[in-house]
Amino acid sequence: MSDELLGHAADLLKAARAAGADVADTLLISGTSIGVQRRLGKTEETERAESRELGLRVFVGRQSAIVSASAIDPASFARLAEQAVAMARVVPEDPYGEIPEAPDALDAGFLDMDDPEEPPMDVLIARAAAAEEAAMAVPGITNSEGASASWGRSSIVLATSHGFAGAYARSSHGISATAIAGTGTGMQRDYDYSSAAHQEDLDDPAKLGRRAAEQALARLNPSRPKTQKLTVFYHPRIAGSLLGHLSGAINGAAIARGTSFLKDKLGERLFAKGINIFDDPLRARGPRSRAFDGEGQRPERRAFIEDGVLTGWVLDSRSARQLGLQSSGHAARGTGGPPGPAVSNFYIEPGRMTPEELMADVAEGVLVTELMGGGVNGVTGDYSRGAAGFMIRNGKLAEPVAEFTIAGHALEMFANLVPANDLVFKRGTDAPTIRIDGLTLAGA
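This structure is a prediction, so every number in the text was calculated from the model and none was measured.

Enquirer: Summarise the overall build of the chain; cite the residues concerned and give the values.
Expert: The number of helices and strands found in the chain is nine helices and 19 strands. Rg of the C-alpha trace for the chain: 24 Å, near the compact-globule value of 22 Å for 444 residues, within the 12% margin. The dimensions of the chain, computed from C-alpha atoms along their principal axes, are 70 × 55 × 35 Å. In the chain, buried positions account for 50% of the 444 residues. Of the roughly 19000 Å² that the chain leaves accessible, carbon and sulfur atoms contribute 49%. One way to put it: in the chain the 45 positive side-chain charges average out to a point 4 Å from where the 57 negative ones average out.

Enquirer: Any details on the sheet that holds strand S8 (residues 277-279)? Residues and values, ideally.
Expert: Strand order in the open sheet formed by five strands is S10-S9-S8-S13-S18, with mixed pairing between adjacent strands. Only two strands of the sheet have a single neighbouring strand rather than two, namely strand S10 (309-310) and strand S18 (429-430). Pairing geometry for strand S9 (residues 302-306) and S10, over two bridges, is antiparallel. Pairing of glutamate 306 across the sheet is with valine 309, part of S10. Here helix H5 (residues 236-249) sits on the sheet in contact with S8, S9, strand S13 (346-348) and S18, set at roughly 115° to S13.

Enquirer: Describe the sheet that holds strand S5 (residues 165-181), and please don't skip the residues or the numbers.
Expert: A sheet is described by the order of its strands in space; here six strands give the open sequence S3-S2-S1-S4-S5-S6, paired in antiparallel fashion. A single partner strand is all that each edge strand has here, and the edge strands are strand S3 (63-69) and strand S6 (188-196). Each strand axis lies, on average, 15° off the axis of its neighbour in the sheet, ignoring direction. Sheet analysis places S5 next to S6, joined by nine bridges and oriented antiparallel. Residue pairing in the sheet places glycine 174 in a bridge with serine 195 of S6.

Enquirer: I'd like a rundown of the pairing of strand S2 (residues 42-60), residues and numbers included.
Expert: Two strands pair when backbone bridges link them, and strand S1 (residues 23-39) and S2 are joined in this way by 17 bridges, in the antiparallel orientation. In the strand pairing of S2, aspartate 25 is matched with arginine 57. If you look at the hairpin formed by S1 and S2, you'll find two residues sitting between the two strands, and leucine 40 has a positive phi there, around 50°. Strand direction decides the pairing type here: S2 and S3, joined by seven bridges, are antiparallel.

Enquirer: Residue-level account of the pattern of salt bridges, with values.
Expert: Scanning the model with the defined rule gives 23 salt bridges in all. With a closest N to O distance of 3.6 Å, glutamate 4 and arginine 52 form a salt bridge. Linking glutamate 4 in helix H1 (residues 2-19) with arginine 52 in strand S2, this pair joins segments that are 48 residues apart in sequence. A relative accessible area of 39% places glutamate 4 in the partly exposed class.

Enquirer: Account for the layout of surface pockets, with residues named and values stated.
Expert: Volume-wise, the largest pocket comes out at about 380 Å³. Around the largest pocket sit 19 residues that line it, and Ser195, Ala196, Ala197, Arg285 and Pro287 are the ones nearest its centre. Mapped by element, the contributors of at least two residues to the lining of the largest pocket are S5 and S6. Per-class residue counts for the lining of the largest pocket are six nonpolar, six polar and seven charged.

Enquirer: Break down H1 for me, with residues and values.
Expert: Given a rise of 1.5 Å per residue, 18 residues ought to cover 26 Å, and the 26 Å separating the end C-alpha atoms of H1 matches this to within 8%. Of all the residues in H1, the buried ones are Leu5, His8, Ala9, Leu12, Leu13, Ala15 and Ala16. Taken down its axis, H1 places every buried residue within 160° of arc, on the same side. Exposed side chains of H1 directed beyond 90 degrees from the buried face belong to Asp3, Lys14 and Ala18. Residues of H1 that are buried sit in contact with S1, S2, helix H2 (77-88) and strand S4 (141-160). Glycine 20 sits one or two residues past H1 and shows a positive phi near 115°.

Reading the values: rules and limits
Residues numbered from 1 in each chain as written. Predicted model: local features only at pLDDT ≥ 70, side-chain atom pairs only at ≥ 80, totals over all residues. Heavy atoms only, no water. Helix = DSSP H or I, 4+ residues; strand = E, 2+ residues; numbered from the N terminus. Rg over C-alpha atoms; globule rule 2.2 N^0.38 Å. Buried < 20%, exposed > 50% of the residue type's maximum accessible area, 1.4 Å probe, protein only. Areas by Shrake-Rupley, 256 points an atom, 1.4 Å probe, with all protein chains shown as cover. Lys, Arg positive; Asp, Glu negative; His and termini not counted. Charge placed at Lys NZ, Arg CZ, Asp CG, Glu CD. Pairing = 2+ DSSP bridges. Contact = heavy atoms within 4.5 Å. Axes fitted to C-alpha atoms, helices over the stretch in contact; angles between N-to-C directions. Salt bridge = Lys/Arg side-chain N within 4 Å of Asp/Glu carboxyl O. 1 Å grid on protein atoms, 1.4 Å probe; cavity = no way out; pocket = protein on both sides within 12 Å on 5 of 7 lines; lining within 4 Å. Points joined across faces, edges and corners; volume = space filled by probe spheres on them. Nonpolar A, V, L, I, M, F, W, Y, C, P; charged D, E, K, R; others polar. Expected span 1.5 Å × (residues − 1). Arc of directions from axis to C-beta.

Note that every value here comes from positions in space, so none of it alone points to a role or purpose.
See below:
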């Protein structure tokens, strides 16, 4: 498939030059996905989808335009190229846009992202059934929102008129289950899921279903905590949101616009000594791993927070030119728009203490397991999120709580952040249990 897509990419670039483009690049994606949804012992939905799409970007001088199509039809290449060039000639010049030179593409095989064998539908049905049946077998579970299983595989080709051509394939297996405990207005739900490039790395479906059930039962009969300042712990499944706020604030596009609360903080200490936060696009089987970025640049593992200090911005070529810097190899793109900076496998290095050890000295605190709405104001750094979770009393988890808000300021939160040692790579943006002292909990 990659050889065929590479041939189409070369033909599309030739069509762009023939239509009058000075330089051009193209992204082609071919994908297959299958999935199944079960609820209360019945298969409610099975689906299979195949897609082929392309995007072509052209430059005429410093003017540029993009066209995309939901089919890869060589007979349409000349028309698409002519449309793109005609559009480029009527838009304003962009002094920062470019298609950069790029080194030869690495063979992405070392990333081990591709599990190419499509599983039979009955295998997916069995996975979903095992997850839901395990959840429903737990005493106290009264209903189910269902379980699902899926597989998908995509082949991606990027090519530029400067001579760069790169290709790779990635696959993804997934399982999820959502269980409901209790009755009437006292019902509570919770979920668990597993996603991996390779089937062998998936969690056991039955264990996943039981976890979803046990988490739902633990949330029954929540109270609303009183308003106070206390220590907040973020469960790993939502702790990555804190890194998401950081990655948004160090995004080169926001820095270039001057709309980030970190725009003047380069080289300053934001976190405690010993805190390191990495982006690693070259991690084997990583959900966002890549041998080249959306502009063909060669990425590398790097620390954006090193020993607590902010070391750089997440840059594509455009934001880098605006800031007088070099791309950090973080261009991401789809077929319908230009590249933009984005992290890949972004994570905080784990600490040395277990979550239990981090909680041991907390007389009263809260473990947050679910977040809702809000977030960080990207300009001011003000933080506010609706939340649910469990009280911590004398170092131990206590009663469930809900309908409260956590508020603070991102800079103070970063400065007081302490990671536990339970990091698991699962989501693309990953963090262990996180402790932050001195946040405001607004409840009853």
